[in-house]
Amino acid sequence: MLVRPATSWIVPAALVGVVVFLVVGSLDSAVFAQQTVSGLANGGIYASLAVALVLIYRATEVINFAQGALATFTTYVAWQLISWGLSYWEAFVATLLIAFVGGFVVELIAIRPVERRGNQLTVVIAAIGLLILVEGATGWIWGNGIKFVPSAFPARFYHLGGATISLQDLGTIGVSLASVVALWAFFQFTKVGLAMRAAAVRPEAARLVGVRVSWMLSLGWGLAAVLGAVAGLMAAPNPSYLLQPTMMDGVLIYAFAAAVLGGLESAFGAVVGALLIGALLNLLQSYVHWVTPQLLLPVAFVIMLVVLLVKPSGLFGRTRVRKV
Amino acid sequence: MGALLELADVDARYGPVQALRGVSLTVGDGEIVALLGANGAGKTTTLRAISGTVRRSGAIRLAGRPLGRRGPESTARLGVAHVPEGRGTFSELTVWENLRLGAHVRHGSLKADFDRVLEYFPWLETRRSQQAGTLSGGEQQMLALARAVMQRPRLLLLDEPSLGLAPLVAAEIFRIIRELNEREGSAVLLVEQNARTSLAVAARAYVLEVGEIAYSGRSDELAQNDSIRRSYLGY
Amino acid sequence: MRPSRGTVVGIAVTALVAVAVALLPFGLSNYHRSTGATVAVYFVAILALNIVTGYTGQISIGHGAFMAIGGYATAILTHDHGWNDIATLPIAAIAGFVAGVIVGLPALRFHGVYLALTTFAVALAVPQLAKNYSDFTGGTEGLALPVHSGLWLYEVGWAVAGVMLVLAWLLLRGRTGRAFRAVRDSEVAAASSGVTLAVYKTVAFGISAAMAAVAGSIYVLVNNFVNPDVFGLTLSLYILIGAVVGGLGSLWGILVGAAFVQLLPNALTTGHVVSSQAVPVVFGAVVIGVMALLPRGAANLLGLALHFGSQDGQHSDTPLGTEGR
């Protein structure tokens, strides 16, 4: 049973407050603006992965622990294609296609057999096994050294009122948001998208109208993999990440936090959560001196925990009433 | 001739419990047939066996073609629309999305179907964007029928369409079922506890008792023959 | 615990196995003895996890963090204050218990997936904290500890494992055990039958964490070294994998699970079956395969008599699926 919370104005109000804070701060201080933008760029990367997590979670109620590792793997594929002579954009598109097929096939081979006879916990363990497998495979095939992946965007900087903002960061934000919006449009306006949504909310009823629910799941994994590939391609050129087998480990964690913060069933919430986490953590790190890089993660989770204690279903989650 | 739907000696079980035992029935093209019986007699299971939602043994043939081990997704593609208990409404989606889903197995333009559905249920137009779960029981039932119409089924399996509805609303539902049958030509297998109204709408009826067919015959006979009616239907 | 047909037989078998375990190292090299000690560590950790996940149905991907607490407690007391190793174990247990209660309290508000992610967060956060407060913990460089012989480690490790096992058995057979199972099977029913839900769940977490802390202490002694990476996320994941692959709620499952996560990667590497780079690939594939073929874990396959009460077999509810959805 779904219940609309009575205090549903609190969350939008708080979010507006945060946005105002960010805007005013950016206008006030160039450093603030820079940190906000680069934080939002991080947030964009988290957002792509977070939406991928939400996608799979909504369909199967399973958290795909392997999402980050799969994203890293597809980014390596892109690197490989480029080193074989493809242009950046050819490799980009090819990688997205390969990611889609890969995600689809992974669900078919590794997850479906487990889902058939197991329960949620066994599927989660299988996902963890997949994580170990994929990360291992990445290191095995390409080694552990750092590889160079060019950026989709030329190195250009804009100077706005004393602040220096890179095209790379703006582009990352743009691409991440665009991919999420494209996904939304797919779900809203296409027949397959509608079928996938139906399969996620009411699989039995969906079967009765002819939706092949298991294929919808595989499709979901394929799309999630595409989002992961986008995240990976945005992260790899960024000096904070760089292409290595563990590239997306940290991102995965922040993506979890974002997804949970947003309410695990809401892609919109995940995006908002991701951007918030990205921006706020960057600002915290610059302005609050005891927040060292090592403490970022614990701080992020404390924030998430506090929000959850107040609103257990996340910012945009729907409160569920347990029937007694 | 051959009936549209034939069940021959169908068994079904839920774990150790046998729900259907040697059930045989037919539904002719364009016919309305009622499947009656008390709670737990196996009426819902029969529909599930036909749509493939539950595993069964025995033969089920649609227009002569055996359904084998098909699941519901596949049976839907053969022209069977199953409106289950609880209506199968996609509560989280809008009214319009529910209708679009009804036509999932169809290809090509749906405009004619939308038009036709709006003829039967003009009120759907104003509620297109409403979340389907917020509709009343009667409205959800009508939405379920509308969804089925979108599919243009040869056979409509209806599980207790009047359940939980006020008598006036239920009467309206039955009127619409009859109209759908006459105008669309879909055969209907109607599962109901409300025997009286079902017999008024259906041409023939079967009565299930503890998983077995206890009686089969024309509905007017069943309705008029007091002793049969009393012993099988309790009134 | 209901006196089952096999209880006497079960106890006899366990006693035999215990003797075999105790005598085993005399036939092994020093290296293999340490490996055996590590299996004991995983045994205790998986046993600990079973108490929350298998019994009260609270999923935890964070037990590595509790091991870290015990491990660091032992390391700091031994390294900085000259304590005797064994003497640190009770302190580690207490520290673990406190940590478990601290985590268990907010965990009351979360269920299923949210709890899993919260414990996941704890598993990640604790090593980061250890790195940050390096004056206290030795930071990334870590602390070195006195070396012990493989035999000592093995016997101490398995002795501790034996003690933990007995304690757990005593705990779970009585009223507490029944209460724990009641919580897992139906939280709503348990609440309405007067079980003080919050107390039992939190205590379960505390006890589980205390055991994991002791496992962490032994781990640190086996490695004679501690630094934050020793207790990284991988450890928590491996404990969870071991618990599920072995089979939740089953004693033999715990042993199988511990052996699986420690010995399989080892065997693959030293047996030169595959290159060391490929070991995680094989390991991951095996985990997926086991989940596909034996969803209730290996112990179900063995179907042996001595269980810790009812096995998960009949329940369609799972630690992730039962509550809060």
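See the structure above.
Quick summary incoming for the structure in this document. Quantities reported herein were computed from a predicted structural model and do not represent experimental measurements.

Here's the deal with a nonpolar patch on the surface
Moving on, step 1. Together, A:Val101, A:Val105, A:Leu108, A:Ile109 and A:Trp215 give the surface a local cluster of nonpolar side chains, amounting to about 440 Å² of exposed area.
Moving on, step 2. Inspection of the secondary structure assignment puts A:Trp215 in helix H9 (residues 213-235).

Notes on the interface of chain A and chain B
Moving on, step 1. At the junction of the two partners, chain A supplies 21 residues and chain B supplies 23 residues.
Moving on, step 2. Roughly 1,900 Å² is buried in total at the junction of chain A and chain B, and carbon and sulfur atoms are behind 58% of that figure.
Moving on, step 3. Summed over the three residues of chain A that lose the most area to chain B, namely A:Leu194, A:Leu208 and A:Val209, the buried surface amounts to 33% of that side.
Moving on, step 4. Our enumeration of links across chain A and chain B arrives at three salt bridges.
Moving on, step 5. Counting across the chain A and chain B interface gives seven residue pairs in polar contact (both at pLDDT 80 or more).
Moving on, step 6. Going through the elements one at a time, helix H6 (167-189), helix H7 (191-201) and helix H8 (203-208) of chain A are the ones with two or more residues in the side of chain A that touches chain B.
Moving on, step 7. Considering each element in turn, the side of chain A that touches chain B owes the most residues, six residues, to H7(A).
Moving on, step 8. Partitioning the side of chain A that touches chain B into residue classes produces 12 nonpolar, three polar and six charged.

A word on the packing of H7(A) against helix H3 (residues 95-102) of chain B
Moving on, step 1. H3(B) packs onto H7(A) with a crossing angle of 105° between their chain directions and a minimal axis gap of 10 Å. On the basis of the axis angle, H7(A) is roughly perpendicular to H3(B). Counted together, A:Lys191, A:Leu194, A:Ala195, A:Arg197 and A:Ala198 of H7(A) and B:Glu97, B:Arg100 and B:Leu101 of H3(B) form the full contact between these two elements.
Moving on, step 2. Partitioned by chemical class, the residues of the contact of H7(A) with H3(B) number four nonpolar, no polar and four charged.

Observations regarding the environment of A:Ser214
All names here are of chain A.
Moving on, step 1. Here Ser 214 shows up in helix H9.
Moving on, step 2. In this structure, the C-alpha to C-alpha distance between Ser 214 and Leu 108, residues 106 residues apart in sequence, is 9.0 Å.
Moving on, step 3. Filtering out sequence-adjacent residues up to four positions away, Ser 214 remains in contact with Glu 107 and Arg 112.

Quick look at unusual backbone geometry
Moving on, step 1. Phi at B:Ala63 is positive, roughly 50°, even though this residue is not glycine.
Moving on, step 2. Assignment of secondary structure puts B:Ala63 in the loop between strand E4 (56-62) and strand E5 (65-66).
Moving on, step 3. In this model, C:Asn224 sits at a positive phi of 40°, which is unusual for a non-glycine residue.
Moving on, step 4. One can find C:Asn224 in the loop between helix H10 (197-223) and strand E2 (225-226).
Moving on, step 5. On the basis of relative accessibility, which here comes to 25%, the residue C:Asn224 falls in the partly exposed class.

A short note on the sheet that holds strand E2 (residues 17-27) of chain B
Residue and element names in this part refer to chain B.
Moving on, step 1. In spatial order, the strands read E2-E1-E4-E5; together these four strands make up an open sheet with antiparallel pairing. Looking at strand neighbours, the two that pair on one side only are E2 and E5, the edges of this open sheet.
Moving on, step 2. Of the pairings in the sheet, the one linking E4 to E5 comprises two bridges and is antiparallel in character. Bridging across to E5, Leu 62 finds its partner in Arg 65.
Moving on, step 3. Helix-sheet contacts for helix H1 (residues 43-51) involve strand E1 (5-14), E2 and E4, and the interaxial angle to E1 is about 110°.

Description of the arrangement of the chains
Moving on, step 1. Looking across the two pairs of chains in contact, one finds the most contacts between chains A and C.
Moving on, step 2. One finds no contact linking chain B with chain C; the least C-alpha distance across the pair is 13 Å.

What about the nonpolar core?
Moving on, step 1. By size, the foremost hydrophobic cluster in this structure holds 204 residues, and its most contacted members are C:Met67, C:Phe231 and C:Ile241.
Moving on, step 2. Considering every element that reaches this core, the biggest residue donor is H9(A), with 15 residues.
Moving on, step 3. Counting 46 residues, the second largest nonpolar core, distinct from the first, contains B:Val95, B:Leu190, B:Ala205 and B:Leu233.

About the criteria used
- Residues numbered from 1 in each chain as written.
- Chains lettered and ligands numbered in written order.
- Predicted model: local features only at pLDDT ≥ 70, side-chain atom pairs only at ≥ 80, totals over all residues.
- Heavy atoms only, no water.
- Patch = residues over 30% accessible without salt bridge, like charges linked within 9 Å, V, L, I, M, F, W, Y side chains within 5 Å.
- Areas by Shrake-Rupley, 256 points an atom, 1.4 Å probe, with all protein chains shown as cover.
- Salt bridge = Lys/Arg side-chain N within 4 Å of Asp/Glu carboxyl O.
- Helix = DSSP H or I, 4+ residues; strand = E, 2+ residues; numbered from the N terminus.
- Contact = heavy atoms within 4.5 Å.
- Buried area = accessible area lost by both parts, 1.4 Å probe.
- Polar contact = N/O pair within 3.5 Å; in protein donor to acceptor, adjacent residues only side chain to side chain.
- Nonpolar A, V, L, I, M, F, W, Y, C, P; charged D, E, K, R; others polar.
- Axes fitted to C-alpha atoms, helices over the stretch in contact; angles between N-to-C directions.
- Parallel < 35°, antiparallel > 145°, perpendicular 65-115°, else oblique.
- Buried < 20%, exposed > 50% of the residue type's maximum accessible area, 1.4 Å probe, protein only.
- Pairing = 2+ DSSP bridges.
- Core = buried A, V, L, I, M, F, W, Y, C linked by side-chain atoms within 4.5 Å.

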